[in-house]
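Structure assessment
So the chains spell out like this:
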Amino acid sequence: MTPTLTALFCLGLSVDPRTRAQAGTLHKPTIWAEPGSVMPWGTSVTIWCQGSLEAQEYRLHKEGESSAWDTQKPLEPRDKAKFTITYMTDRYPGRYRCNYLSPTGWSEPSDPLELVLVTGSQGKPRLSALPSPVVTSGGNVTLQCASRTGSHRFVLMKEGERQPSWTLDSQRDPRGGTQALFPVGPVTPSLRWSFRCYGYYSNTPQVWSDPSDPLELLVSGVSGKPSLLTQQGSVMTSGQSLTLQCRSDVRYDRFTLSKEGAPDLVRRIGRQLQAGLSGADFPLGPMRPSHGGRYTCYGGHTLSSKWSAPSDPLDILLAGQLPYTPSLSVQPGPMVAPGENVTLLCQSRSSVDTFLLYKEGAADSPLRLRAQYRAGQHQAEFPMSPVTSAHRGTYRCYSSVSSSPYLLSHPSNPLELLVSGPSMDPGPPTTGPGSADAPARGPHWYLYVLIGASVAFVLLLGLLVFLLVRHRRRVKGRKPDAAMQDIQPEEGVELDHRVAASDTPQDVTYAQLNCLTLRQETGASPPSQPGEPPAEPSVGLPKPFIWADLSPMATKGSPVTIGGQVTLQADVYTLYKERVSETFFMKTSQDSSTKRPQAQKAHGRRGSARIQGKPLTDSLPGLSVDPRTRAQAGTLPRPTIWAEPGFAIPWGTFVTIWCQGSLEAQEYRLHKEGESSAWDRQKPLEPGDKAKFSITYMTDGYAGRYRCNYLSPTGWSEPSDPLELVVVTGSQGKPSLSALPSPVVTSGGNVTLQCASRTGSHRFVLMKEGERQPSWTLDSQRDPRGGTQALFPVGPVTPSLRWSFRCYGYYSNTSQVWSDPSDPLELLVSGVSGKPSLLTQQGSVMTSGQSLTLQCRSDVGYDRFALSKEGAPDLLRRIGRQLPAGLSGADFPLGPVRPSHGGWYTCYGGHTLSSEWSAPSDPLDILLSGQLPYTPSLSVQPGPMVAPGENVTLLCQSRSSVDTFLLSKEGAAHPPLRLRSKFRAGQHQAEFPMSPVTSAHGGTYRCYSSISSSPYLLSHPSDPLELLVSEAAGTVSPPQNTSDPSRYGGFGSTLTSATSLSSFLASDPRDYTVENLTRMGVAALILVVLGILLLEAQHSQRRTPDAARS
């Protein structure tokens, strides 16, 4: 047995009597897939087999099947055939080969083609470069492909290559899941190094995960390195805006920013600057902890794949991220003479690894020293020896830990170092931050200080004089009333917090506290009525605070302390209870040491009063017994909580939780549901009404329900509404979101959004873009196509809103761990404004591979257009453009035609400033011929040559089982006519009558067939049939379409009579010669008039100089 026959048997290929012995002399065919061998679920793929020009038949074989998978006739020029899969599912992945039959026999099989299905059910892996995506020319790098879903094998694909570059077994990832490490190199700048990776399980080697995000390596060279700068300095605070600037004296036209340890590069187009420089700016936005790190930048030329050498590194440090503050001191003191030895000492009681010394205004990065543990503190000594005038300035100290070296503590208090005189040595100091770049100050610097102090003194003196004059005027205005004030309290103020009206001990008190400062020569007059404060308190004094301390489990009989405090020294405090006629207590106090909230310390000495040890009875005000809550907590506004950039956060990203309360807040606390103590606490940020809680690396450990509250001088606020924080892991694969029946909805109509998952999610969440909270959440139900789904009713929709959605899925046991989001779905709300027209220059019947462009045109000045295909989940959108003759329009190039392009299309127009769209255009059917493996025949009765007025019938027949026949005339503007097939005499057929025949019926006809399951995919065309009409008809009217407009099989016009066929096939016989000559004459007349005007203008210009000379 020959080797060829042995190979055929191994492949399960049939060997029949037609196989020639010379098969081995035929060259091996080539097999490939378009658009590629790795195909997503539900897409169309074409397998091509190219052999010899003598090929008579091609066969496609799938490994594991005994018979040929498909058979096709060769396409012109007969050297290749195509095999189409219109909807990719898990039935089609596998290994394919093809061969062909020639007059000398069957060829040997092609090399194998492995067809792979991408389902997304495993979640996409992540691809990163170790240690960095920046590689020197000739260097090596390791690409890490990692998956949290535990893929067994990983595939690395280099973009531009059809076959997998590398395939490796997985290994354990220390962070969880599995990974594979692909060594790549040596890399050269002559190639583009862009990669993606996939994962799969060993039991389904041809069903892959979604691809990772692309990773492109940067190959650095040795050309002139750029400089990386920042105008804001290297030490930043959270929320501060940061822009990095890459500059070069080489005229680069593209720049890249790299961060140490970051998997991605940021790229920008370069621009030419002044002084021969080029550069690009990299705005990084408001500072977050993830921005801290070491940065470099590179320059390059568009026509070259090689990049420059890296810039010098720039460290970006973020202060205020660690919850402690070091102290900074100087030895021997803050004022020294030039030449002395000085040491700056940075200390912290907290455990830190490094101290940083920063000088204000210095261009250099802060100095770093390792912390040493001495005398119960961590410390570092920064020596300056000898001191010069350049060391003069303001210093701050920061601390950091080794695990996050770019995240710093709060700064120490500033320390100003003064050098008493000019430095004897004008050179830079040996140590000290910024000393090399700080210019030496002049010998008379103290004159500037003296001038500044003098100006400040003059301004202050003027302000005091102004206040004194104003005070004297006020005193003069009050003198007539002095006698009446001898027996009244000089000043008074009251505070009334009304929180609850109840007599139960758990309610908050209704109390009033009156603070009276009496003259020394008079006594205190009681209020006009018992139980009420003075009716007319003096204006201008601050309100006192009233507060209460209660035990955590206060009950009747428990001790309670009620206190009052004011920011000046008061003589008398009086406590009142609302609706009670007696005064509870009156106590005088000169207690200036009472510790009250920090916000009041700036007022200096205070007065306060306490009522201690009184048993809690029904007669006392009802005070709240929460262990952290003051008596007036109920009056505080409830805080607001939210998350940025949102509540659904991808794994490994950064999220900030914000809590906003009152301007009097002194501390904020964040509480996570299920934990007994506060999850985190923060001091308020300026202006004091909010605080932030940062999560630098989101994992499933942080998902949960959060609330926050805050402490004010009057107590703790109530908790905020809950915030549910969700982690998006991608481990479940993203669901699909589609609109049923269509994403096009009329204004006021309803639509159903279907969120479906092949991984069997238990619940689905629908999110409307622009809203912080989920719009709808539904339990799943069984999807007839497999997996699970949820159907969300939406409506009525209105054009005044934007209707854009995404959906997520999750399992019931991990309700805060969600899938990746679906692709966005935007609904189109159609209106009633002027409908556009949808056209195609290629005709409605296309062949595979032919280029197709659909044109949407309107006489309304629309500036945007949308194309809709019946049953398609997405809409194509284009910006409109203004065309000649007052038209507007947009073109929709669909590329080479594939089976998925067949269908029923409409288009819409709209205005950018409105969310409403026009009425739909008339539908356009796109039909694709050559998709069914049979060819009908076309004949004419009584014959192909007829006289006008005769009756003619075109007969379309097929021995294969078909549902519909279509008759097409070359050059006709209308789509083909359709008739249902009938089974007669062992064949399926349809008769297309023409009665009576006119000259307009002359032309070339073809016949196609289709099946009801794919009405837009047609068979091969019949052989052409030319109908000749022997002489012209006396009078021919334009065709009139009287066919039934109802659609058969989803589209088209159905033929019902001979008249309809005649009207369809008749082309317009009118002669436009006269109209064309008229237009040409008008155009010539316009040109003559323009020429006369031009000559007149030139003649006038010549006469003007002559007149001037005369």
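Values in this document were obtained by computation on a predicted structure and should not be read as measured data.

Cut-offs applied
- Residues numbered from 1 in each chain as written.
- Predicted model: local features only at pLDDT ≥ 70, side-chain atom pairs only at ≥ 80, totals over all residues.
- Heavy atoms only, no water.
- Helix = DSSP H or I, 4+ residues; strand = E, 2+ residues; numbered from the N terminus.
- Buried < 20%, exposed > 50% of the residue type's maximum accessible area, 1.4 Å probe, protein only.
- Contact = heavy atoms within 4.5 Å.
- Areas by Shrake-Rupley, 256 points an atom, 1.4 Å probe, with all protein chains shown as cover.
- Disulfide = S-S within 2.5 Å.
- Polar contact = N/O pair within 3.5 Å; in protein donor to acceptor, adjacent residues only side chain to side chain.
- Core = buried A, V, L, I, M, F, W, Y, C linked by side-chain atoms within 4.5 Å.
- Pairing = 2+ DSSP bridges.
- Axes fitted to C-alpha atoms, helices over the stretch in contact; angles between N-to-C directions.
- Phe/Tyr/Trp six-rings, centres within 6.5 Å; stacked < 30°, edge-to-face > 60°.
- pLDDT = per-residue confidence, 0-100.
- Salt bridge = Lys/Arg side-chain N within 4 Å of Asp/Glu carboxyl O.

**Re the overall build of the protein**
Within the protein, the regular secondary structure consists of four helices and 86 strands. Counting across all 1110 residues of the protein, residues that qualify as buried make up 44%. A sequence separation of at least 24 residues applies to 67% of the contacts in the protein between residues at least 6 apart. Summing over all exposed atoms, the protein offers an accessible surface of approximately 56,400 Å²; the carbon and sulfur share of this is 54%.

**Brief notes about unusual backbone geometry**
The omega torsion of the bond from Leu130 to Pro131 falls at 5°, within 30 degrees of zero and hence cis. Tracing the chain through its elements places Pro131 in the loop between strand 10 (126-130) and strand 11 (134-136). With an omega of 5°, the peptide bond running from Leu740 to Pro741 counts as cis.

**Points about the state of the cysteines**
Taken as a whole and assessed by the stated rule, the structure comprises eight disulfides. The disulfide bridge from Cys246 ends at Cys297, spanning 2.0 Å between sulfur atoms. Where Cys246 bonds to Cys297 through sulfur, the torsion about that S-S bond is close to 75°, and the disulfide is right-handed. Residue Cys246 is found in strand 23 (residues 241-248), and its partner Cys297 is found in strand 28 (residues 293-300); the two are separated by 51 residues along the sequence. Looking at Cys246, the relative accessible area reads 0%, which means it is buried. Judged by relative accessible area, Cys297 falls into the buried class, the value being 0%. Put simply, Cys346 and Cys397 are joined by a disulfide, and their sulfur atoms are 1.3 Å apart. On the S-S bond that ties Cys346 to Cys397, the torsion sits near -75°, and the link is left-handed. Taken together, the residues Cys346 in strand 32 (residues 342-348) and Cys397 in strand 37 (residues 393-400) connect sequence positions 51 residues apart.

**A few points about the side chain of Gln989**
Along the polypeptide, Gln989 turns up in strand 82 (residues 987-994). Look at Gln989 and you get buried, because its relative accessible area is 10%. Within the structure, the side chain of Gln989 is placed 3.0 Å from the side chain of Gln957, a separation counted as a polar contact. Residues within four places of Gln989 in sequence aside, it is in contact with Leu955, Cys956, Gln957, Phe965, Arg980, Ser981, Lys982 and Arg984.

**Brief notes about the nonpolar core**
In terms of nonpolar packing, the biggest core is built from 30 residues, with Ile657, Leu725 and Trp818 touching the most fellow members. Considering every element that reaches this core, the biggest residue donor is strand 55 (residues 723-728), with five residues. Within the second largest apolar cluster, 22 residues are counted, among which are Val962, Leu977, Tyr1005 and Cys1007.

**A short note on the sheet that holds strand 49 (residues 655-660)**
Consider a sheet: its strands pair through backbone hydrogen bonds, and that pairing is either parallel or antiparallel. The antiparallel open sheet is built from three strands, whose spatial order is 47-49-52. A single partner strand is all that each edge strand has here, and the edge strands are strand 47 (640-644) and strand 52 (690-695). Taking the axes of each pair of neighbouring strands and ignoring which way they run, one obtains an average angle of 20° across the sheet.

**A word on the packing of aromatic side chains**
Evaluation of the coordinates by the stated rule reveals 19 aromatic pairs. With centroids separated by 5.7 Å and ring planes inclined at 40°, the aromatic side chains of Tyr668 and Tyr710 adopt a geometry described as tilted. Placement of Tyr668 in strand 50 (residues 667-672) and of Tyr710 in strand 53 (residues 704-712) is noted, with a sequence separation of 42 residues between them. Residue classification places Tyr668 among the buried residues on the basis of a relative accessible area of 0%. Centroid distance Trp776 to Phe805: 6.1 Å. Interplanar angle 40°. Geometry classified as tilted. Remark: Phe805 occurs in strand 63 (residues 804-810) and Trp776 occurs in strand 60 (residues 776-779); sequence separation between them is 29 residues.

**Comments concerning the sheet that holds strand 78 (residues 952-958)**
Taking strand neighbours across the sheet as the criterion, the four strands line up as 76-78-82-81 in an open arrangement whose pairing is antiparallel. Since the sheet does not close on itself, it has two edges, and those belong to strand 76 (937-941) and strand 81 (982-984), each with one partner. Each neighbouring strand pair of the sheet contributes to a mean axis angle of 35°, computed without reference to strand direction.

**Some points on the confidence of the model for the protein**
Overall, the prediction assigns the protein a mean pLDDT of 75, with 71% of residues at 70 or greater. Taken together, the stretch residues 550-556 has pLDDT below 50 and engages in 14 contacts with residues farther than four places along the chain or on a different chain. Confidence drops under pLDDT 50 across residues 1033-1072; counting only partners more than four residues distant or on other chains, this segment forms 81 contacts.

**A short note on the pattern of salt bridges**
As enumerated under the stated definition, the model contains 30 salt bridges in all. Residue Lys28 pairs with Asp111 through a salt bridge whose shortest N-O separation is 3.0 Å. Taken together, the positions of Lys28 in the loop between helix 1 (3-10) and strand 1 (30-34) and Asp111 in the loop between strand 8 (105-106) and strand 9 (113-118) put the pair 83 residues apart, joining distant regions of the chain. Lys28 gets classed as partly exposed once you look at its relative accessible area, which sits at 34%. A relative accessible area of 46% places Asp111 in the partly exposed class. Lys124 serves as the salt-bridge partner of Asp213, at 2.9 Å between the closest nitrogen and oxygen. Remark: Lys124 occurs in the loop between strand 9 and strand 10 and Asp213 occurs in the loop between strand 18 (207-208) and strand 19 (215-216); sequence separation between them is 89 residues. Ionic contacts of the salt-bridge type, sharing partners, join the residues Glu63, Arg95, Arg97 and Glu114 into one network.

**Points about the environment of Ala146**
Positionally, Ala146 belongs in strand 12 (residues 141-147). Residue Ala146 is classed as buried on the basis of its relative accessible area of 2%. In this view, Ala146 contacts Pro125, Arg126, Phe154, Asp173, Thr178 and Gln179; residues no more than four positions away in its chain are not counted.

**Let's talk about the side chain of Ser918**
Structurally, Ser918 can be placed in the loop between strand 74 (903-910) and strand 75 (924-932). In this structure Ser918 touches Ser830, Gly831, Ser833, Gly834, Pro836, Tyr862, Tyr908 and Gly909, once residues within four positions along its chain are discounted.

**Quick notes on the environment of Trp69**
With respect to the helices, strands and loops of the structure, Trp69 is situated in the loop between strand 4 (57-62) and strand 5 (70-72). Separated by 28 residues in sequence, Trp69 and Arg97 have C-alpha atoms that sit 9.9 Å apart. Apart from residues lying up to four places away in sequence, Trp69 is in contact with Leu60, His61, Lys62, Ile85, Tyr92 and Tyr96.

**A word on the pairing of strand 63**
Most of strand 63 is tucked away, with six of its seven residues classed as buried. Two elements, strand 59 (residues 763-768) and strand 63, share six bridges in a ladder whose sense is antiparallel. Pairing of Phe764 across the sheet is with Gly809, part of strand 63.

**A look at the environment of Lys969**
Secondary-structure assignment places Lys969 in strand 79 (residues 964-969). Sequence spacing of Lys969 and Glu1026 is 57 residues, and the spatial spacing of their C-alpha atoms is 9.7 Å. Of note is the side chain of Lys969, whose polar atom sits 2.8 Å from the backbone oxygen of Ala1000. A polar side-chain atom of Lys969 sits 3.3 Å from the main-chain carbonyl oxygen of Gly1002.

**Some points on the pairing of strand 24 (residues 254-259)**
One face of the sheet, then the other: side chains in a regular strand alternate in exactly this way. With five of six residues buried, strand 24 is to be regarded as a mostly interior element. The turn linking strand 24 back onto strand 25 (residues 265-269) is made up of five residues, and Gly261 within it adopts a positive phi angle of 85°. Taken together, the six bridges between strand 24 and strand 28 define a ladder with antiparallel strand orientation. By the bridge assignment, Ser258 is partnered in strand 28 with Thr296.

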